[in-house]
Amino acid sequence: MNRIALTALFTATVLFSTLAGAGAMSRRPGGTAEETPTERLAGERRLVIPGGLAARRLPEPQSEGARLFSRYCGQCHNLPNPKMHSVVEWPSMFEEMMAHARSLGAVRPGIETPGERARNEIVSYLRRHGMKSLSDDDPALSGEGAFTFIWFCSTCHALADPAQHDLREWRDVIERMNGYRRSMGRPVMTPSDMDAIVEFFRTYLEREGVRADR
């Protein structure tokens, strides 16, 4: 499943979850008064993003960007780690999510969408803390050992720049990503697959003159 298909699945899941709760959440139990938007949103089941963060664990949690990100992007799902997508991906990904939020807001009063200043602040925050990625034409991606890296790591996000971590850290990251794949019902990496990706990173770092064990 490619990234376009994953985005479609994400949207459908959010929409289904929101619509499914609409009737049940429209009135207080045993009463006639409609709940406030805050109560409706607080009581609703949200889509769970693997590796999602509590607001206090976001990078720069006290910053304006983190506050706005938490306010607007935590309404329908838990907060994604900003490193879930690359610096390049976040602007378009964020605008897609805002389009979905506007659609949901048409059927579920209480879902807020940010104004232009707040949108710019959120995108700036996400780009500041987003994942650094390789360019699509990086020669390493056509070299030996790249296939396994591309096969497993490009379906959910851009291909990560290996220079972001040393090999020990990458091993932990890859194992964590494999856990997310398992929780999503996706084919998981075998130990040899993970070894192949780590070896690709080793070769890349050596080519770039970066210490693999720093």
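Note that the structure is a prediction, hence the values are computed from the model and not measured. (Residues numbered from 1 in each chain as written. Predicted model: local features only at pLDDT ≥ 70, side-chain atom pairs only at ≥ 80, totals over all residues. Heavy atoms only, no water.)

As a further point, take the environment of Arg-128. Within the fold, Arg-128 resides in helix 5 (residues 116-129). The sequence separation of Arg-128 and Lys-83 amounts to 45 residues, and the corresponding C-alpha distance is 9.8 Å. Of note is the side chain of Arg-128, whose polar atom sits 3.1 Å from the side chain of Glu-60. (Helix = DSSP H or I, 4+ residues; strand = E, 2+ residues; numbered from the N terminus. Polar contact = N/O pair within 3.5 Å; in protein donor to acceptor, adjacent residues only side chain to side chain.)

Per the counting criterion, the structure on display carries 6 aromatic pairs. Taken together, a centroid distance of 4.5 Å and an interplanar angle of 40 degrees make the contact between Trp-170 and Phe-201 tilted. Placement of the pair is Trp-170 in helix 7 (residues 167-183) and Phe-201 in helix 8 (residues 191-208), with a sequence separation of 31 residues. Residue Trp-170 is classed as buried on the basis of its relative accessible area, which comes to 5%. (Phe/Tyr/Trp six-rings, centres within 6.5 Å; stacked < 30°, edge-to-face > 60°. Buried < 20%, exposed > 50% of the residue type's maximum accessible area, 1.4 Å probe, protein only.)

In this section: the confidence of the model for the chain. Here the chain averages 80 in pLDDT, and 77% of its residues register 70 or above. No element of the chain has a lower mean pLDDT than helix 2 (residues 37-43), which averages 37, and none a higher one than helix 5, which averages 97. Per-residue pLDDT stays below 50 along residues 1-43; that stretch engages in 59 contacts with residues further than four places along the chain or on separate chains. (pLDDT = per-residue confidence, 0-100. Contact = heavy atoms within 4.5 Å.)

Take the side chain of Gln-75 next. Locating Gln-75 in the fold gives a position in the loop between helix 3 (64-73) and helix 4 (90-107). A polar contact of 3.0 Å, which involves the side chain of Gln-75, links it to the backbone oxygen of Tyr-72. A polar contact of 2.8 Å, which involves the side chain of Gln-75, links it to the backbone nitrogen of Glu-112.

Here the focus is the pattern of salt bridges. Counted under the stated rule, the structure contains 9 salt bridges. Note that Asp-195 and Arg-171 form a salt bridge whose closest N and O atoms lie 2.6 Å from each other. Separated by 24 residues along the polypeptide, Asp-195 in helix 8 and Arg-171 in helix 7 bring together distant segments of the chain. Residue classification places Arg-171 among the partly exposed positions, given a relative accessible area of 25%. A salt bridge links Glu-208 to Arg-207; the nearest nitrogen and oxygen atoms lie 2.6 Å apart. Arg-207 gets classed as partly exposed once you look at its relative accessible area, which sits at 43%. A network of salt bridges, in which partner residues are shared, links Glu-64, Arg-67 and Arg-117. (Salt bridge = Lys/Arg side-chain N within 4 Å of Asp/Glu carboxyl O.)

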